[in-house]
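Residues per chain are reported as follows:
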Amino acid sequence: MRNRYLYLILVVLALVPWLLGNRYVFHVATMITIMIPMALSMNLMLKIGQLSIAQPAFMGIGAYGSALLAMRLGVPPVLALLAGALIATAIAVVVGPLFLRIKGVYFVLLTYAFGQIVNLVFQEWTTLFGGNNGLYGIPKFSIFGVRLTQSPHYYALGLLLLALFYALMRRIERSDIGAIFESLNENEMLSRSMGSDALGWRIGSFALSAFIAGVSGGVYAFYIGFLSPETFGFLMSVDLIVVNAIGGVASALGPVVGAILILPLPELLRDAREYQLLIYGVCLVVFLLFFRQGLVVFLQRKRRA
Amino acid sequence: MIEQIIVNGILASLIYILMALGFTLIFGIMRIVNFAHGEFYMIGAMVMLMLFGSMGLPYFLAVLLAGLLGGLLGVVAERLLFRPLVGDELAGMIMSLAIGIILQSAILLTFGPAEQSVTRPFSGTWHLFSAAVPWDRTVVAICALLILVIFYLFMKYARLGLAMQAVAQDPETASLVGIEPGTVYASAFGLACLMAGLAGALMAPVYTVGPYMGELPMLKAFVVVILGGLGSLPGAVLGGLLIGLSESVVTTLFSSTIALIVSFVLVLMIVVVRPTGLLGRGAR
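Within every chain, residues take consecutive numbers counted from 1 along the sequence as written. Labels follow written order: the first chain is A, the first ligand is 1, and so on. Only residues with pLDDT of at least 70 get local features here, since the model is predicted, and only at 80 or more are side-chain atom pairs given and counted; chain-wide, interface and lining totals rely on the full set of residues. Side-chain numbers come from the whole structure's heavy atoms, not from hydrogens or water.

> What is the right way to read the overall build of chain A from this model?
Secondary structure is summarised from DSSP: a helix means a run of H or I of at least four residues, a strand means a run of E of at least two, and numbering begins at the N terminus for each. Across its full length, chain A carries 15 helices and 2 strands. Relative to the globule expectation of 19 Å for 305 residues, the C-alpha radius of gyration of chain A, 19 Å, shows essentially globular dimensions. Projecting the C-alpha coordinates of chain A onto the three principal axes gives extents of approximately 50 × 45 × 40 Å. A simple rule labels every residue: compare its accessible area, found with a 1.4 Å probe on the protein chains alone, to the largest value its type can have, and call it buried under 20%, exposed over 50%, or partly exposed in between. When each of the 305 residues of chain A is scored for burial, the buried share is 55%. Sequence-distant contacts, at least 24 apart, represent 77% of the contacts inside chain A between residues at least 6 apart. Here the positive residues are Lys and Arg and the negative ones are Asp and Glu; neither His nor the chain ends is included. Charge placement uses NZ in Lys and CZ in Arg. For Asp and Glu, CG and CD serve respectively. Of note, chain A has its 21 positive side-chain charges centred 8 Å away from the centre of its 12 negative side-chain charges. To get the radius of gyration, use the C-alpha atoms; to get the globule rule, take the number of residues to the power 0.38 and multiply by 2.2 Å. In this analysis, two residues are considered to be in contact whenever any of their non-hydrogen atoms come within 4.5 Å of each other.

Here's what the structure looks like:
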């Protein structure tokens, strides 16, 4: 296995917060475990050749959905989390057949408009979503009677979900489904003539990506306990694009590596947050011009050479 | 009331058209969705703040210089950053995103996040039927019209303008008859950014200026261009008028946020039902 060392490093990195025992480190690490599945959900769409700017909107739907179910209807958090993610999935399944007929630039613009509408609804429908003042008083997550109150608990939950989603993505990559995605990207006509249901597969991966984003949103809502529409705006899409571009799209390992390199940056640059976006921009330019395959492929090639 | 709505709508439309024409020109020729287009508008306005607001240069000279600087920046960006990615739609789009955030944070770092105002060169209002029209908006409208006429004449009669249309229609045939695609790319990108810079410079004294001011005009240009058809120049004009007027109606009756939601729903429906927009050609 060529990636053995990389996996070893990742496992050690995952243990770092416990070694340091610092609450702040736990918080940053928890946010990363919430964002990596988001990056994976965008990666899944990129695998079928579509850049979806709607992923933060699905995360928002999952977050608001599970928070409101738990707050207003007293649904147990585990069920609320699942229901929130399923609402996001259902919306993806409804709009998917319309959106996914369209490819390339128009798909990007469609998902962009969709994301904006969802966000504007969060902002305007103040009685339900709390508007720009935010939604307060979301209860803590609990599972089998255990209440998760501190960031180490949420970090453990995040890691568990992350491992699950990552394993799922790798499985898809290596299975026939991965091969079908690749063939649809390479030559859709040929692939369809051999019997692959292009639209069906696309809707399937759109729905799965919305589910992953919805779960991340739910975990985020229970962890932070407060939701505001701007969290799920266009800037998060930029983050996800940066993470995927730096790590590379070809393998699910790409966004994981990209996220671990990029997402702690805002925390390291706390005194100079204005530089964060500048660095993102410069990183994007450098990777687009010189390492368009991303870091993971670059490292693998180097080792082979 | 109705006259006022129409006048407000047309005043807004002219700026939308100025932005949308450049946006659609870049797409038509290079197949790039320029997410940084609003940032060139912002750069135009910030240059206006310096040249006209602080240094006191004459108004029209400052507008011209601001536009030229925007255009120059566009040419440089095309030559260095977009050219290596020609043919890769996705990479081009991400590159424009990167350029947008670099420009925005560069301005944020130099000028700070605060909104600033530029001295108004003209004041007072005049009346057209029962509608009150501010003088400064009138001057902006006249300048915008002038730019549109020059742009039209350039595209219709100038060799370079014709070459741009040829490349937009069919790049291979265009290169067969000896049109250098590189020159066309750079000049089209520069021209588009020049217009965005001029639009920003013209609007600088009307609203406040700041690093985030380009986001809304960018959104509007995007809606207009989808409505009219990506890549279609007449479509941008028609779309600009339709969006400007309908927005003026909805804003007067409800609020500007509702107007934004309405226009996005419109975009969604158009892309789903008729992706080529009102006047767009079929997919190449």
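> How do you make sense of the pattern of salt bridges when you look at a structure like this?
All names here are of chain A. Whenever Lys or Arg places a side-chain nitrogen within 4 Å of a carboxyl oxygen from Asp or Glu, that contact is recorded as a salt bridge. Tallying each qualifying case throughout the model produces 6 salt bridges over all chains. A salt bridge links E173 to K47; the nearest nitrogen and oxygen atoms lie 2.9 Å apart. Placement of the pair is E173 in helix α7 (residues 151–174) and K47 in helix α2 (residues 23–47), with a sequence separation of 126 residues. Owing to a relative accessible area of 16%, K47 belongs among the buried residues under this scheme. Linking E173 and R170 is a salt bridge whose minimum nitrogen-to-oxygen distance equals 3.2 Å. Highlighted residues: E173 and R170, both in helix α7, separated by 3 residues, approximately one helical turn. Of the two residues, E173 and R170, both sit in the buried class.

> Please explain the nonpolar core as it appears in this structure.
Soluble globular proteins: nonpolar side chains tend toward being buried together. Within the largest apolar cluster, 205 residues are counted, with the highest numbers of intra-cluster contacts made by A:F58, A:F114, A:F206, A:L227, B:I29 and B:F264. Not counting residues up to four positions away in its chain, the partners in contact with A:F114 are A:A54, A:A57, A:F58, A:I91, A:V95, A:F99 and B:L268. The criterion is simple. A nonpolar core is a set of buried Ala, Val, Leu, Ile, Met, Phe, Trp, Tyr and Cys residues joined through side-chain atoms within 4.5 Å.

> Would you take a moment to explain unusual backbone geometry for this structure?
Glycine aside, residues mostly have negative phi, and peptide bonds are mostly found in the trans state. Residue and element names in this part refer to chain B. Phi at R31 takes a positive value of approximately 60°, unusual for a residue other than glycine. In this structure, R31 sits in the loop between α1 (2–30) and α2 (37–54). The backbone phi angle of F129 is positive, close to 50°, even though this residue is not glycine. By the secondary structure assignment, F129 is in the loop between β2 (125–128) and β3 (131–134).

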